[in-house]
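Architecture and fold: a report
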Amino acid sequence: MNTRGMLMDRMRHMFILLLFALFASASRVRAQVSMGSRPQPAELAYKVIPDFLKLPSNLYFSEVSGVAVNSTGHVFVFQRGLHPLVEFDENGNFVRSFGEGLFSRPHGLRIDSADNIWVTDNGSHFLLKLSPDERIIMVLGQRDYPGNDHAHFNGPDDVAFGKSGQIYVADGEGNSRIVEFDRDGHFLKEWGKKGSSEGEFQLPHTIATDAQGLVYVGDRENGRIQVFDPEGKFLTQWRDIGHPYGLFVSPDQHIWMADAVASRVVEMDRGGRVLGGFGMGGRGSGQFAGAHALAVSAKREVFVAEVFNWRVEKFVPSEGQTPPAAPRHSPSTDTFHSQLSPELQRLSDAFAGSWNVTETFEVSASQQGKTRRGTASFRPGPGASLIEDYHSNGSAGELKFLALLWWDRSAHGYQLLTCANNDGCHLRGTANWEGKEFVNSWEEKVDGKTAVFKDSFVDISPSSFRLVSEGTADGRTIWRVITKYERQEEGVFVTIPSGHSVTIDGKVTAGEWKDAQSIPVSIRNY
């Protein structure tokens, strides 16, 4: 192989990592891990403040479905008794009750940045926006008329707000969709349907947004959180985290979840890594029965609404507790991040695994008509990076390839460090999605002339896809190689207790399976 061919070959294969190391956060990895050895999340050190909310003697809570805190620290409660909305001051003293006669089945409660109060009634199928002084200033949906068009809901559960004032409604009980409106209540779009694939829902029960505008949907019956961009484009999903009944994004941009099935409160970072949790089932002080919604203050105080215990409990960090520490960045660079980004996770969820590869050289000065066959496999790297191992051989010669990939938020692209055929390691540029294709373009000198190269991953499916690698100079094609990827069939079945991991042929697996069921080995977040 001449120098130019080797350079083109190396550049083409370094980009293979750029897509497929992304695919690997949930990948089968080589490790020595035995059944039950998967690290468990830390127990957050929290204590309950007994009887924090002080109700008047003639007022009682029934099933409490929502809780929220406004900018002054006042606590609002949404409940299914005679007085649906109740306000308390920052010390838990009763302030007022209101909303009597408006609701048939109170459900979601949120307070926006202007201290407006938003509530959903999933029994009468509408949403209200109330001013801080109790005036109704917006109605979405039509009371007692369920539907699935732009003007009607069927069991709306929750509401969240975008950076530009968008209103996102989790229309979950009947329609399994997200409906988006502008700040004035004009319909913009909807997405989702009933199902278990990406962008589908089995009861989208709760919804929240972060400072960047990402939308987090608690897909309750599918046992996952799905993450979307502000326009509703699917980015990633987090599994093995429990059943999301309530979601809340705290001021430090951590995602908190109330899980009524596990009777737990869970804290996650923005990459979906579980930092810890607390809580247990029961009827006593500090225990949960139907943990349905939650709110978290800047002081990390946690307020939990309980449907079956008819109350809101306040929890505060135990004395001396500090927030769970995230892994530190590499001391030599600030571009390696401490957890998988939604962008990285998006690809790994869909394409994790091992692949057989077949390369066909259609246009090449020295390799035209030749082929190579081999495999590609993936494993975690330092920080939030991913590593690809690539090895192929054939009439086009042998290629060994190792690369390191991570998501660079500042560049809003995928960064890559590549090492091919023991020819040293080099930092490369960035790449991104172009529609449904994942594309990288760059320029380099070939025989003293500037050539433009483009790698496009097309026809992507869970079982196969193609990499089309092309180079042009002076308006003519000087390089075109097609690489076909086909997923390797594992053919392994195993029974695994929920929440555990197991070593199978040296590969760690961790899954979304159910107890005591035999299923194909399936990799998710390890």
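Since this is a predicted model, take the numbers as computed values, not measurements.

**A closer look at the overall build of the protein**
Within the protein, the secondary structure is distributed over 2 helices and 41 strands. Burial analysis of the protein (526 residues in total) assigns 55% to the buried set. Taking the contacts inside the protein whose residues are at least 6 apart along the sequence as the reference set, 47% of them involve residues at least 24 apart. Accessible area for the protein stands at about 22,100 Å²; split by element, carbon and sulfur atoms hold 50% of it.

**Points about the packing of aromatic side chains**
The final tally for this structure, using the stated rule, is 23 aromatic pairs. Consider the rings of Tyr46 and Phe278, whose centres lie 4.7 Å apart with planes at 15°: the pair is stacked. In this pair, Tyr46 sits in strand E3 (residues 46-49) while Phe278 sits in strand E23 (residues 274-278), placing the two residues 232 residues apart along the sequence. Measuring from centroid to centroid gives 6.2 Å for Phe103 and Phe126, while their planes differ by 10°, and the two rings are stacked. In this pair, Phe103 sits in the loop between strand E7 (94-98) and strand E8 (106-111) while Phe126 sits in strand E10 (residues 126-130), placing the two residues 23 residues apart along the sequence.

**Quick look at the pairing of strand E13 (residues 167-171)**
Most of E13 sits out of view: 5 of its 5 residues are buried. Both strand E12 (residues 156-161) and E13 contribute to a ladder of 5 bridges, which runs antiparallel. Across the sheet, residue Ala160 finds its bridge partner in E13, namely Tyr168. Where E12 folds back on E13, the antiparallel hairpin that results is connected by 5 residues, among which Gly165 adopts a positive phi of roughly 90°. Bridging between E13 and strand E14 (residues 177-181) involves 5 bridges; their strand directions are antiparallel. Paired with Tyr168 across the strands is Glu180, a residue of E14. Remark: 5 residues form the turn of the hairpin made by E13 and E14, two consecutive strands paired antiparallel; Ser176 in that turn has positive phi of roughly 50°.

**Points about the side chain of Asp210**
Position of Asp210 among the secondary structure elements: in the loop between strand E16 (204-209) and strand E17 (215-219). Among the polar contacts listed, one links the side chain of Asp210 to the backbone nitrogen of Leu214, at a separation of 2.9 Å. Of the polar contacts made by the side chain of Asp210, one reaches the side chain of Tyr216; its length is 2.7 Å. Excluding anything up to four places from it in sequence, Asp210 contacts Tyr216, Val249, Gln253 and Arg270.

**Digging into the sheet that holds strand E21 (residues 255-259)**
In spatial order, the strands read E2-E23-E22-E21-E20; together these 5 strands make up an open sheet with mixed pairing. Every other strand in the sheet has two partners, leaving strand E2 (42-43) and strand E20 (246-249) as the edge strands with one partner each. Where E2 and E23 come together, 2 bridges link them in parallel fashion. Counted as the bridge partner of Glu43 is Gly277 from E23.

**Comments concerning unusual backbone geometry**
Glycine aside, residues mostly have negative phi angles, and peptide bonds mostly take the trans form. Of note, His125 is a non-glycine position whose phi angle comes to about 70°, a positive value. Positionally, His125 belongs in the loop between strand E9 (117-121) and E10. Since its relative accessible area comes to 11%, His125 is described here as buried.

**Details of the sheet that holds strand E26 (residues 311-317)**
Reading across from one edge, E3-E26-E25-E24 is the order of the 4 strands in this open sheet, with antiparallel pairing throughout. Of all the strands in the sheet, just E3 and strand E24 (291-296) have a single pairing partner and so form its edges. Neighbour-to-neighbour, the strand axes of the sheet open up by a mean angle of 30°, direction not taken into account. When strand E25 (residues 302-306) meets E26, the two strands line up antiparallel, connected through 5 bridges.

**Some remarks on the pattern of salt bridges**
Considering all chains together, one arrives at 26 salt bridges under this definition. Its salt-bridge partner being Arg270, residue Asp210 comes within 2.9 Å of it at the nearest N-O pair. Taken as a pair, Asp210 in the loop between E16 and E17 and Arg270 in the loop between strand E22 (264-268) and E23 lie far apart in primary sequence, 60 residues in all. The pair Asp210 / Arg270 is uniform in exposure class, with both members buried.

The rules behind the values
- Residues numbered from 1 in each chain as written.
- Predicted model: local features only at pLDDT ≥ 70, side-chain atom pairs only at ≥ 80, totals over all residues.
- Heavy atoms only, no water.
- Helix = DSSP H or I, 4+ residues; strand = E, 2+ residues; numbered from the N terminus.
- Buried < 20%, exposed > 50% of the residue type's maximum accessible area, 1.4 Å probe, protein only.
- Contact = heavy atoms within 4.5 Å.
- Areas by Shrake-Rupley, 256 points an atom, 1.4 Å probe, with all protein chains shown as cover.
- Phe/Tyr/Trp six-rings, centres within 6.5 Å; stacked < 30°, edge-to-face > 60°.
- Pairing = 2+ DSSP bridges.
- Polar contact = N/O pair within 3.5 Å; in protein donor to acceptor, adjacent residues only side chain to side chain.
- Axes fitted to C-alpha atoms, helices over the stretch in contact; angles between N-to-C directions.
- Salt bridge = Lys/Arg side-chain N within 4 Å of Asp/Glu carboxyl O.

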